[in-house]
Amino acid sequence: MTDSKYFTTTKKGEIFELKAELNSDKKEKKKEAVKKVIASMTVGKDVSALFPDVVNCMQTDNLELKKLVYLYLMNYAKSQPDMAIMAVNTFVKDCEDPNPLIRALAVRTMGCIRVDKITEYLCEPLRKCLKDEDPYVRKTAAVCVAKLHDINAQLVEDQGFLDTLKDLISDSNPMVVANAVAALSEIAESHPSSNLLDLNPQSINKLLTALNECTEWGQIFILDCLANYMPKDDREAQSICERVTPRLSHANSAVVLSAVKVLMKFMEMLSKDLDYYGTLLKKLAPPLVTLLSAEPELQYVALRNINLIVQKRPEILKHEMKVFFVKYNDPIYVKLEKLDIMIRLASQANIAQVLAELKEYATEVDVDFVRKAVRAIGRCAIKVEQSAERCVSTLLDLIQTKVNYVVQEAIVVIKDIFRKYPNKYESVIATLCENLDSLDEPEARAAMIWIVGEYAERIDNADELLESFLEGFHDESTQVQLQLLTAIVKLFLKKPTETQELVQQVLSLATQDSDNPDLRDRGYIYWRLLSTDPVAAKEVVLAEKPLISEETDLIEPTLLDELICYIGTLASVYHKPPSAFVEGGRGVVHKSLPPRTASNESTESPEAAPAGAPTGEQPDVIPTQGDLLGDLLNLDLGPPVSGPPLATSSVQMGAVDLLGGGLDSLIGDTNFGAPPAAAPARPGAPIGSGLSDLFDLTSGVGTLSGSYVAPKAVWLPAMKAKGLEISGTFTRQVGSISMDLQLTNKALQVMMDFAIQFNRNSFGLAPAAPLQVHAPLSPNQTVEISLPLNTVGSVMKMDPLNNLQVAVKNNIDIFYFSTLYPLHILFVEDGKMDRQMFLATWKDIPNENEAQFQIRDCPLNAEAVSSRLQSSNIFTIAKRNVEGQDMLYQSLKLTNGIWVLAELRIQPGNTSFTLSLKCRAPEVSPHVYQAYETILKN
Amino acid sequence: MVEKKMIHSLFLINCSGDIFLEKHWKSVVSQSVCDYFFEAQEKAADVENVPPVISTPHHYLISIYRDKLFFVSVIQTEVPPLFVIEFLHRVADTFQDYFGECSEAAIKDNVVIVYELLEEMLDNGFPLATESNILKELIKPPTILRSVVNSITGSSNVGDTLPTGQLSNIPWRRAGVKYTNNEAYFDVIEEIDAIIDKSGSTVFAEIQGVIDACIKLSGMPDLSLSFMNPRLLDDVSFHPCIRFKRWESERVLSFIPPDGNFRLISYRVSSQNLVAIPVYVKHSISFKENSSCGRFDITIGPKQNMGKTIEGITVTVHMPKVVLNMSLTPAQGSYTFDPVTKVLTWDVGKITPQKLPSLKGLVNLQSGAPKPEENPSLNIQFKIQQLAISGLKVNRLDMYGEKYKPFKGVKYVTKAGKFQVRT
């Protein structure tokens, strides 16, 4: 008999049946019933309804039954804390049980119940268990301290549990040590201020001793903890390294990689002249290579890390090229990573081997891999000058295969080779031209056209070739169109006599028949250049181009240094700092490599001074929340951040690129020519994207958008304003905001000379025109006015955020009032975020910024909700159906460029919706929720 | 509340995409999180190509693929992925160890034990007991006999005493071990990973070696294992029981072993001149342009085999997609060709130098399709008994701390690992 029988209960009345069995008098039957309950649990069935009945079985001498009940409890203690508390007396009793297994089980389960009330019962048993004679109980209790700390940190501190935990680091039992370290590092991580693992030479020594004693998992925690320590000088760094190196021989790859992290970090402090430095370099290679013989999943993570390590210290693996050679049955994710590292390690010494391999890969089956291999050949040519010729001939061989995608990739990289080594390999152009017809990918077509234009004087039939592309000009992608335009202009400047007609043709195609502003503008520039000063045109268009640089896709050095500190973590797999993507991560605490400090340097010297203290923060490149708030408030200082900030390095690069691209376009080489080194993966053409954004915006404006308008409310009662009553509301229509006012004269005299002013406010709302009341307002007369507003006024953060203070003047007096405007008047028309961007941004925004709200009594279905929100500029980006619930993913953008991301959960038949909002400026969330409420309920 | 848990949940998924077991160490995470995994799986086409780390809006999924099962773990915060992957493999190892196989059926048949194991292996998201010696004392593995006895007597498979290893400083060994026959066996197993190019020269070769031990010794034996040529071992990973300092200073493996089967060390020998290649392959595979057939001809022969017999040879070839069928004649052994997966398998047996095994014949291609660009690689398996190809030799095994005389034995075997011949 096996446990599978437990799955075969009848569907109908299953819970009822189990209930009866659980309450049976027979012990055996009870036990079987609990097993059935657990079997249901394992397949995700909800058996929490049986809670009281299962708990009833707990008071038993039968250890197995008791353990099973605990298994059940542990599963539900977290989600059903109120029920779990029913069992608390039994827990307390079990903590005194003579059997250590039971004591441990009880204290462990109690720790899982996340209710404040449990803590008063837990403290005493926990204190005893931490000092239990049995190590099994002690190690369980150690973890329990971390759990309790999560529920009530203050209590744990007050009760002195932290000190007990620290003492356990020196416990005689390695399992206890491991768990104590794990618990301490968890607590330290979630409460960075707790100063718990205040690392000093003494505590470090303790940890290093524990390192030898502790289990493999504990070693990982210790090593990760050591990596955060900053040795005071190179001597201390070396002595720690010496004690860590034996971990490189551990069978557990996670231990090895954590040790590598510590060594890579502390090596930074060692002088390169030191013998020990060389020894360490040698010791690092074998364990890294060994990681590659592990399971493919481990290999993948190892390779991502090795990629960082070879960028930081190429000397470590420079002789190990061959281990990165690809086996045909490696998983594709391993193949691609290996290829990347091969190129990084390529040098004059090994280039022949590398090329032979790459050529081999170029005939494999997997298209992605083949393409990458062909590109790699090009990268080798650019990186290792001596090999360029061989690379070119390899590429030519590959072109001969006539395999379509191979040919196209080859042409793209040959273009780069031409740019790196001008006037060297042009003899191959004839071969390239033979393949013109087979090119169907824009990148390859653009590359080929560039080549023809650049070397037009050496290609007899350049005009024919280019003309042949011109026929389908409008069907080409922008990339190709731009390239064709430039190439023909180049051709004209080189062979003006026979190509006049051609150039006119392309200029008119670009300027008159195209609706792409990018293309049009470039067409006009050329046109004007050519017509005003052909000599200048020649100088500009045919100017000598800068050579492209050697190494491609290197990680920017400061980021690389930071990533080295995160070896072995998810950050090292994604090559992004953790702050950029991990929810609820370490926030903006940046790690940095230690500065080099020699022990013999006088501590008075200024260089040595900061070494003792934790290193100076690296220049903070990621915009913090504070900065964004600053943006919110200093709107008038600069253009708002219009997209969600990505990892900033790329933003900066993007900006640089924009300039570069613009410049390039002038010298006639745009869009393809941005040298790969300066162009990190960046979608779209640099100039084009800006402009097309603009167009998106206008098209958004074009669709009539009528936001919800609240009925007018009295803002200023007559009795407070000497007879002037003002009521009003806010509207947003077709992209413009206005304040709709109704002025009533309840006084006995005529009112005139009206004027209005706003105080500074959170979003810079200001009247866009003066308040125009055309005729004097007679007693008992009412006038309706729509006052256009803009958002370019002065900014000051108000409390509440949407508070607006208004001053109205007339011939009688000045009156002040304040009103709250609904936030949705600030939702702009281009607030629809791209799906990918949405996903990335959602992850990027830390968890703490997420706010949840309930929208009650809303009878609409998902479609209706979506369309109603859309008319107020809340855009549904994606919709998913999860277990019968509709999940709407939505975005909106405020006038000052702040994005708000939303997840709206709608259950059919339920009028309550759950709204989760994420925003970098979380203070807007409640107001956005208000806006949802208003829009959906009216 | 910032959740700082390591492994949040685990889902076991079979090849047809059914989630057949879930375990949550923290609050319950809905199965729908696996949708992201299924999406990636669909994109990968081949099960082996599913990326091991997948990010979703709220979680990360770290998975391994073992024995036709996916172990998908859900994590929420920055966690060392290797840590998780190692742990998942350890879970799979434990299932294998307990149930004899790591399969859906075995796991379902023992679901209660599985749950107990998972609870014991991880607390609060941290790995606890992952040593099989300890686990087996806490949770007894099922045996046919025990389950029969259990069902008659109503006794349980839960250990009611504490594992003794927990009390000592050698957590990998339980106390009070008793055997009537005391034996210590070591298997030196070496696998050759190699890539051989078209012309037969070695592009890359290395030896992945392990020493697996089966120790059935009473009491607390303290063993020392020494080698004739320890210098070969410069890249070694050790079981935690090995005293590293002794190795550093004397090049002797000194340790108190766990009870039962375990991997003592694994090592890598990579200097090219030390890696002998025991077989060679002569091949000629050609496809004619504009014709629906091709020729296939391979012959295997012994190369640097140190005078030992090479046996258990199997050749596997992934033929190009346009191959419809193959009609071949083996001079020895038998072959199969699967027209769906395009895999040719030739079960050769052993090489007798007098008459070299060969396989030749015709390849039928899809008519009209262009001739395949890629040349298939040959994957070769073989085995050589009583030989460690690196030349590693155990010198002696000494036992201290116990009085009895154990039986000792060392076996050597060399196998092909990832041994590929390009054509």
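About the thresholds
Residues numbered from 1 in each chain as written. Chains lettered and ligands numbered in written order. Predicted model: local features only at pLDDT ≥ 70, side-chain atom pairs only at ≥ 80, totals over all residues. Heavy atoms only, no water. Helix = DSSP H or I, 4+ residues; strand = E, 2+ residues; numbered from the N terminus. Buried < 20%, exposed > 50% of the residue type's maximum accessible area, 1.4 Å probe, protein only. Contact = heavy atoms within 4.5 Å. Areas by Shrake-Rupley, 256 points an atom, 1.4 Å probe, with all protein chains shown as cover. Buried area = accessible area lost by both parts, 1.4 Å probe. Salt bridge = Lys/Arg side-chain N within 4 Å of Asp/Glu carboxyl O. Polar contact = N/O pair within 3.5 Å; in protein donor to acceptor, adjacent residues only side chain to side chain. Nonpolar A, V, L, I, M, F, W, Y, C, P; charged D, E, K, R; others polar. Pairing = 2+ DSSP bridges. Expected span 1.5 Å × (residues − 1). Axes fitted to C-alpha atoms, helices over the stretch in contact; angles between N-to-C directions. Parallel < 35°, antiparallel > 145°, perpendicular 65-115°, else oblique. Left-handed = near helix turned anticlockwise from the far one by under 90°. pLDDT = per-residue confidence, 0-100. Patch = residues over 30% accessible without salt bridge, like charges linked within 9 Å, V, L, I, M, F, W, Y side chains within 5 Å. Lys, Arg positive; Asp, Glu negative; His and termini not counted. Charge placed at Lys NZ, Arg CZ, Asp CG, Glu CD. Phe/Tyr/Trp six-rings, centres within 6.5 Å; stacked < 30°, edge-to-face > 60°. Lys NZ or Arg CZ within 6 Å of the ring centre and 35° of its normal.

**Quick look at the overall build of chain B**
Consideration 1: Across its full length, chain B holds 7 helices and 23 strands.
Consideration 2: A total of 423 residues make up chain B; the buried ones form 58% of that total.
Consideration 3: Sequence separation of 24 or more characterises 67% of the internal contacts of chain B that already satisfy a separation of 6 or more.
Consideration 4: Just so you have it, chain B exposes about 17,100 Å², and 51% of that area is on carbon and sulfur atoms.

**A word on the interface of chain A and chain B**
Consideration 1: With 108 residues of chain A in contact, the opposing surface of chain B contributes 106 residues.
Consideration 2: Summed over both partners, the interface of chain A with chain B buries about 9,500 Å², with 57% contributed by carbon and sulfur atoms.
Consideration 3: Where chain A packs against chain B, one counts 9 salt bridges.
Consideration 4: Its salt-bridge partner being K147 of chain A, residue D123 of chain B comes within 3.1 Å of it at the nearest N-O pair.
Consideration 5: Scanning the region where chain A abuts chain B turns up 26 residue pairs in polar contact (both at pLDDT 80 or more).
Consideration 6: With 8 residues, the top contributor of residues to the side of chain A that touches chain B is helix α9 (residues 135-151) of chain A.
Consideration 7: Counted by class, the side of chain A that touches chain B contains 52 nonpolar, 24 polar and 32 charged residues.

**Quick notes on the sheet that holds strand β1 (residues 713-716) of chain A**
Residues and elements named next belong to chain A.
Consideration 1: Spatially, the 5 strands line up as an open sheet ordered β1-β2-β3-β6-β5, and their pairing is antiparallel. Looking at strand neighbours, the two that pair on one side only are β1 and β5 (766-767), the edges of this open sheet.
Consideration 2: With 2 bridges connecting them, β5 and strand β6 (residues 782-790) associate as antiparallel partners. When the bridges of β6 are listed, A766 appears paired with N790.

**Here's the deal with helix α22 (residues 388-400) of chain A**
Since one α-helical turn is 3.6 residues long, residues separated by three or four positions face the same way.
Residues and elements named next belong to chain A.
Consideration 1: For α22, with 13 residues, the first-to-last C-alpha span of 18 Å sits near the 18 Å given by 1.5 Å per residue.
Consideration 2: Buried within α22 we find A388, C391, V392, T394, L395, L396, L398 and I399.
Consideration 3: Elements that come into contact with the buried residues of α22 comprise α20 (351-361), α21 (367-383), α23 (404-420) and α24 (429-434).
Consideration 4: Immediately beyond the C-terminal end of α22, within one or two residues, lies K402, with a positive phi of roughly 65°.

**Some thoughts on the side chain of N896 of chain A**
All names here are of chain A.
Consideration 1: Relative to the helices and strands, N896 resides in the loop between β11 (885-893) and β12 (899-906).
Consideration 2: N896 sits in the buried class, given a relative accessible area of 3%.
Consideration 3: Among the polar contacts listed, one links the side chain of N896 to the backbone nitrogen of I898, at a separation of 3.4 Å.

**Describing the packing of helix α27 (residues 478-494) of chain A against helix α28 (residues 500-511) of chain A**
Residue and element names in this part refer to chain A.
Consideration 1: Interhelical geometry of α27 versus α28 gives an angle of 150° and a closest axis separation of 9 Å. As judged from the angle between their axes, α27 and α28 are roughly antiparallel. Seen from above, α27 lies across α28 with left-handed handedness. Along its contact with α27, which presents L485, I488, V489, L491 and F492, the element α28 presents Q500, L502, V503, V506, L507 and A510.
Consideration 2: Among the residues making up the contact of α27 with α28, the classes are represented as 10 nonpolar, 1 polar and no charged.

**A closer look at the sheet that holds strand β15 (residues 293-302) of chain B**
All names here are of chain B.
Consideration 1: If you walk across this open sheet you meet the 4 strands as β14-β15-β20-β17, and the pairing is antiparallel. The sheet terminates laterally at β14 (279-287) and β17 (323-330), the two strands that pair on one side only. In this sheet, adjacent strand axes meet at a mean angle of 15° when their direction is disregarded.
Consideration 2: The pairing of β15 with strand β20 (residues 358-365) spans 7 bridges and is classified as antiparallel. Directly across from F296, in β20, lies its bridge partner G361.

**Examining the confidence of the model for chain B**
Residues and elements named next belong to chain B.
Consideration 1: On average, residues of chain B score 86 in pLDDT, and 92% of them are at 70 or above.
Consideration 2: Long-range and interchain partners of residues 145-155, a stretch whose pLDDT sits below 50, account for 9 contacts in this model, where long-range means more than four residues apart.
Consideration 3: The ipTM assigned to the predicted complex is 0.85, against a pTM of 0.70.

**Brief notes about helix α4 (residues 63-77) of chain A**
All names here are of chain A.
Consideration 1: The end-to-end C-alpha distance of α4, which contains 15 residues, comes to 20 Å, matching closely the 21 Å that a straight helix rising 1.5 Å per residue would cover.
Consideration 2: Burial analysis of α4 places 15 of its 15 residues in the buried class, the great majority of the element.
Consideration 3: The N-cap residue of α4 is N62: its side-chain oxygen and the backbone nitrogen of E64 are 2.8 Å apart.

**Section: the environment of A141 of chain A**
All names here are of chain A.
Consideration 1: Relative to the elements of secondary structure, A141 occurs in helix α9.
Consideration 2: Given a relative accessible area of 0%, A141 falls into the buried group.
Consideration 3: Residues A141 and K131 lie 10 residues apart in sequence; the distance between their C-alpha atoms is 8.9 Å.
Consideration 4: Here A141 is in contact with L126, C129 and L130, once residues within four sequence places are set aside.

**Section: the confidence of the model for chain A**
Consideration 1: In this model, chain A carries an average pLDDT of 80, and 84% of its residues clear a pLDDT of 70 or more.
Consideration 2: Throughout residues 601-705 of chain A the model reports pLDDT below 50, and contacts reaching past four residues in sequence, or to other chains, amount to 136 contacts.

**Points about a negative patch on the surface**
Consideration 1: Negative charge collects at one region of the surface, where E464, E467, E471 and E501 of chain A lie side by side.
Consideration 2: With respect to the helices and strands, E471 of chain A occurs in the loop between α26 (462-470) and α27.

**A look at the pairing of strand β23 (residues 407-421) of chain B**
Residue and element names in this part refer to chain B.
Consideration 1: Across 13 bridges, strand β8 (residues 183-196) lies against β23 in parallel orientation. If you follow A184 over to β23, its bridge partner there is K408.
Consideration 2: Note that strand β21 (residues 378-385) and β23 share 5 bridges and pair antiparallel. Note that in β23 the partner of I384 across the bridge is T414.

**Describing unusual backbone geometry**
Residue and element names in this part refer to chain A.
Consideration 1: Going from D799 to P800, the amide bond is cis rather than trans, its omega being -10°.
Consideration 2: Its place among the elements puts P800 in the loop between β6 and β7 (803-809).
Consideration 3: Although it is not a glycine, K722 sits at a positive phi angle of roughly 50°.
Consideration 4: Of note, K722 is situated in the loop between β1 and β2 (724-733).
Consideration 5: Phi is positive for N873, which is not a glycine, with a value near 70°.
Consideration 6: Relative to the helices and strands, N873 is located in the loop between α38 (862-870) and β10 (875-882).

**Considering the pairing of strand β13 (residues 260-269) of chain B**
All names here are of chain B.
Consideration 1: In terms of burial, β13 is a largely internal element, 7 of the 10 residues being buried.
Consideration 2: Sheet topology note: the strand β9 (residues 202-216)/β13 ladder contains 9 bridges and is antiparallel. The residue of β13 that forms the bridge with Q208 is R268.

**Considerations on the environment of C123 of chain A**
All names here are of chain A.
Consideration 1: Assignment of secondary structure puts C123 in helix α8 (residues 116-130).
Consideration 2: Taking the relative accessible area as the measure of exposure, C123 reaches 6% and is therefore buried.
Consideration 3: Remark: the alpha-carbon pair of C123 and V107, spanning 16 residues in sequence, is separated by 10.0 Å.
Consideration 4: With residues near it in sequence (within four places) discarded, C123 still touches L155, Q159 and F161.

**Here we look at the packing of aromatic side chains**
Consideration 1: Summed over the entire model, instances satisfying the criterion amount to 27 aromatic pairs over all chains.
Consideration 2: Ring geometry for F221 of chain A against F126 of chain B: centres 5.2 Å apart, planes inclined by 90°, an arrangement best described as edge-to-face. Here F126 of chain B lies in strand β7 (residues 126-127) and F221 of chain A lies in helix α14 (residues 216-226), a pairing that spans two chains.
Consideration 3: Accessibility expressed as a relative area gives 9% for F221 of chain A, which makes it buried.
Consideration 4: On the basis of relative accessibility, which here comes to 1%, the residue F126 of chain B falls in the buried class.
Consideration 5: Linked through ring pairs, W217 and F221 of chain A together with F83, F87 and F126 of chain B together constitute an aromatic cluster.
Consideration 6: Sitting over the ring of Y115 of chain B, K23 of chain B keeps its end group 4.7 Å from the ring centre.
Consideration 7: Positioned above the aromatic ring of Y412 of chain B is the side chain of K393 of chain B, whose terminal nitrogen or guanidinium carbon lies 5.6 Å from the ring centre.

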